[in-house]
Each structure stands twice: as C-alpha cells, then as structure tokens.
Amino acid sequence: MALHRFAVFTAACTFLLLVAGALVTSNDAGLAVPDWPLSYGSVAPPMVGGILYEHSHRVMATFVGILTIILAVWLWRSEPRRWVRRLGLIALGAVIAQGVLGALTVVFFLPVPISVAHACLGQIFFGTIVGLALFTSQWWQSALPRVADAGSPRLRSLAVWTVAAIFVQLMLGAAFRHKGFGIVPHLAGAAVVTLLVFWTAGAARRRYRNDGALGRCRRLLHALIGLQLLLGGAAWWSRLAAGAFPQPIPVMVWLTVAHTVVGALTLAGAVLTTLVCVRILQPVEQAALAARPEQAAP
Amino acid sequence: MRVQYSLFVVLAAALAISVAGCGKKESSESAPPAATGTAPAATPIDPATAGSVEGSVKLDGPAPKGKKINMAAEPSCAAAHATPATDEEVAVGEGGGLGNVIVYVKEGLGNRTFETPKTAVTMDQKGCMYSPRVVGLQAGQTLEVRNDDKATHNIHPVPKFNREWNKSQPAGAPAIAESFAREEVAIPVKCNVHPWMKSYIAVFKSPYFQITGTGGSFSLKNLPPGTYTIEAWHEKYGTTSQTVTIGAKESKTINFVFKAAAGD
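Computed from a predicted model, the values in this text were never measured in an experiment.

### Considering the domain arrangement of chain A
The parts lose accessible area when they come together, and the size of an interface is often stated as this lost area.
All names here are of chain A.
For step 1, the next point in the chain: Considered domain by domain, chain A is made up of domain 1 (1-142) and domain 2 (147-292).
For step 2, the next point in the chain: Taking only C-alpha atoms into account, the centre of domain 1 sits 21 Å from that of domain 2.
For step 3, the next point in the chain: Contacts between the two partners involve 21 residues from domain 1 and, on the opposite side, 22 residues from domain 2.
For step 4, the next point in the chain: No other element matches helix H4 (residues 112-135), which puts 11 residues into the side of domain 1 that touches domain 2.
For step 5, the next point in the chain: Here the residues of the side of domain 1 that touches domain 2 are counted per class, giving 13 nonpolar, 7 polar and 1 charged.

### As for the domain arrangement of chain B
Residue and element names in this part refer to chain B.
For step 1, the next point in the chain: Here chain B is described as being made up of domain 1 (46-64 + 92-110 + 211-264) and domain 2 (115-205).
For step 2, the next point in the chain: Once you take the C-alpha centre of each, domain 1 and domain 2 turn out to be 23 Å apart.
For step 3, the next point in the chain: Contact residues are listed per partner, giving 6 residues for domain 1 and 8 residues for domain 2.

### Observations concerning the pairing of strand E5 (residues 134-138) of chain B
All names here are of chain B.
For step 1, the next point in the chain: A large share of E5 lies buried, amounting to 4 of its 5 residues.
For step 2, the next point in the chain: Sheet analysis places E5 next to strand E11 (residues 198-204), joined by 5 bridges and oriented parallel. In the strand pairing of E11, Val-135 is matched with Ile-201.

### Structural notes on the sheet that holds strand E13 (residues 217-223) of chain B
Residue and element names in this part refer to chain B.
For step 1, the next point in the chain: One open sheet accounts for 3 strands, arranged E13-E1-E16; its pairing is mixed. At either end of the open sheet lies a strand with only one pairing partner, and these are E13 and strand E16 (251-259). Recorded for the sheet is a direction-independent mean angle of 20 degrees between the axes of neighbouring strands.
For step 2, the next point in the chain: Pairing analysis gives 5 bridges linking strand E1 (residues 51-60) to E13, with the strands arranged antiparallel. Of the residues in E13, the one forming a bridge with Glu-54 is Ser-219.

About the thresholds
- Residues numbered from 1 in each chain as written.
- Chains lettered and ligands numbered in written order.
- Predicted model: local features only at pLDDT ≥ 70, side-chain atom pairs only at ≥ 80, totals over all residues.
- Domains from an automatic or database assignment.
- Contact = placed C-beta atoms within 7 Å.
- Helix = DSSP H or I, 4+ residues; strand = E, 2+ residues; numbered from the N terminus.
- Nonpolar A, V, L, I, M, F, W, Y, C, P; charged D, E, K, R; others polar.
- Buried ≥ 20, exposed ≤ 12 C-beta atoms within 10 Å, placed from the backbone.
- Pairing = 2+ DSSP bridges.
- Axes fitted to C-alpha atoms, helices over the stretch in contact; angles between N-to-C directions.

Structural data, given as structure tokens:
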C-alpha cells in the first residue's frame, strides 16, 4: 500500500504542477526566464515578477520528475504485473518528453504547436499517474464481481469516447490559450463533452444504480462538468474584461487557472470512470460464458 | 489481461497523438529569408529639389484615462514611482495632439535605397517602463537597449518578419545592441518579467518616418518630388493613410485624425 500512497502523492504533486503551469501561461510569464535549464544562469534567480511563476514551474517540474523516477523504479522492482511496470516506464518517458517540450518552448519562443503539445502531454501524464494510482490500489487488485456491460452503446465505449472528447477539448483549450485557434472550436468541444459526460453518467446511473464505484464516478463527473462549465463562462468573461488592463488581472488569472486545472481533473475523472468500467464490467457475451457453468450446475 | 493490454496500448497511443497531433496543428511563423550580398549604394537625393510633408495627428474625442499599473510584484519598480504609474497606451497633449504615432512614407519611394545610419537608436528601461514607448529606426541600424532600473528585465520583441529574440538584462548590465534586417511596422516588445511593460519598434527601409510627441506634429523632410502614401500608425487606433504629391522644393501639410474608441 506504500506504493499506492506514493502514486497518489505523485498524482497530487502533478496536479499542483499543472496549477503552476497554468499560472505561467495566464501571467504571460512563459519567457520571463530566457535561458534553460538554469534560470538567469542560476538555480535560485530573484523570485520577482514573471520569474516567480516560471522558475516555480521549473522547480516543481523537477520535483515531479524525481517522483516519477522513484515511482517507475519502485514499480519495476516490486510490481508483479508486467503491464503496470511498463506503464511506470511510459510515465517516466512522458515526464522526460514533457521536460524537453518545456525547454523547446523557451528556446523557440513559445511556438504554438510546441506550447500546445506541452499542455496536452501534461494532461496525458497526469491521467497516466492517476491510472497508476488506481492500478496500485487495493480496490483494483481485490477480487471484484464482474457485471455484464448490458445496454447500447456499452458503458465502457461511452466512457472511452468521453475521455477522447475531453482530451480533444483540452487540446482546443490549450490552442486557444496559446492563440492558435479562436474560441469557437473550444465552445463546440464544450458542447460535445457536456453531452458525452451526461450520457455516460446517465447510463451509469440507469444501468448500475447500486454499484458504489460507478456511483462515485458519475457523481464526480457531474460535479466536475458543472463546475467546469461555470468556470469556462467566468474565465471567458474575465478575459474580455481584462483586455482593458495593461497587465493580467488577478480575477482573470485565477479563473483561467481554475478552468484549466478543473479541465485536467475532468479528464482524470473520465479516465478513472473508464478504468472502473474496465475493471468491473465485461461484455455481455463474456458474462454469459462466465455464468454458464453455474447454470449447468445441479 | 487482454483488456489491460488494450488499456496500455490506448494510453501509449494517446501519448503519441498528443506529441504528433498537437505538433501538426500550426507551424510557427518563420521569418522570410534574409537578403544576401552587400547593400546597394544609396540613391542620391537632390537637395535643390527636395520638399517636405508636415502636419499633425490628433485624437478626436476624449482621451481614455490611463489605467493604473500594479507593480507590487516587483518592489523596486513600485519604489521608482512617487505615484502609481499609469498605462501609456494613449498619450494626448493639449489640443488633442496624439503622441506615439508613427508617421511614415509607406509608398512612393520606388526602388530607392538609403544609407543605414551609423548612430544607434536608444531605448531605456526606467521605472520598469520602456522609454520611449515607440521607437523607429532603419533596417540594419543599431538599437541600443539600456536598463536604468534596479530590476532584472528581459527584452523580448515579437516580430512577424524579423528574427525574434529574448534577452535578459540584469540591473547594471551593459546595454544590449541589436538590429532588425527587414522593414516592419511595428514590432511589439514585451518584458515577460513585468507584463505591463510594452513597447513598439518600427523598422523602415528609408529615413522618412517620425514618431509624434504629445503635440502630435510631424515633419518628413528632404523628400524628392513625387506622389507618396503617408501612413500614420497607432498601437490602439490602428492605421490611416493619405496620398500627397509634392513638387520640387514644395512643402505640403496633411493632418491625421484618429477617432477615440467608444467606451474609452
């Protein structure tokens, strides 16, 4: 269980790293430190103005990188499931790639594709660490009764589509923040994501009303999408209001940061829902096969 | 186990899509290739026939009140101002004269070439503000950026057609000397350490440009006879232009008026 707790701690630190990254973008501080990997040739630059945000982000990224190395090594040495060990390595590869993308944003002055890739990979990394936290939990490794994934479309399919839609939406949001796209694709994405989240959560409620894990997942999804829609509207309003000011204003910064990181939590919530579906649901045919010997028994 | 392997593949694929797919969205703006070879000799201007265009730029309507800048994030910047600094986006003098307007010959010079001045144009950082806010210089001319503050700055022009650069300049550091190869009106300049610091650099092929003061007046001298498009550029109000024809030794007057934005 120590490994699980460490994975949860890594996920929590990754969330704080996402907050720090969103603060960099919202404060337009991405290039406040022109050199890399050092900051003004030092590991301890003056923490003023935009340097505070950019250097804090770098320090937290280094810390999360170290946590990920420890997690990957720990998994490699003690985890019996090969696919979980490999997922630990994938997380390590992702955090290294994320560091490289972060460096490229500085070296090439925040080009939109690299900045968006940096934002997207951060979300994938967070989802991966959240997944590892679930895979190492007692709940995941305990013997759970499997339930037939009845209904059409299957709940597992709906959950996967929801994850995909949220990820695309996060890409569109990042592209908007980095001035690659306008707001319209992001608004269209919000409509699709809202529809899919309500469809998935509604299907979970109708089909598996008494399942505790799925119940928690659907409540989480409902809460997050509601909060995210409110934050999205508020962030957009604050962005319009902030246009008249000579610098980023706190209300715009914090609403945008909140919208960004609740987006990450929504993705993580959808990933968890999908994984819970995978763990406790099985296709109707498999469920029928599993039930057959019992039916044949006298 | 098959399901778990599928999950593994899905996560790996998502990772690949993020890196590859995001990267394909849009390529960053790249500067056009620089001209090669030595610069051609300057086309001589006959002082016996040269004329001039002069006039003024005014703002029609009430000038917006400059928003207060919050320099709390950098105490040394805040300490440099007796009263809170305000945004200098719109600088209006008595009689509505509009400052920080770039007035320049946009068209009409044909293929004339001009000598690059040897003197540097200076831009200071004082009280964590760029001074002057708008700077004009010729392509290839040296821009000297000084830091008179006790704070560390980074100077970051964001051009469309020139090479982008981003240099740090701690307190007491020597001046940074840079130049721009191509004409561009106007290059926004940021300091990412202090997001309120904004400036614009305009780069011209010719010496026929002037930045107005708060009186709003300008004078483009030593122009050869011809028909010219004169453009006035302001960071908030955009551009407006007029065509003017000047004969030998003739001086013409033109005036520009920008409408104050609604809601200012």
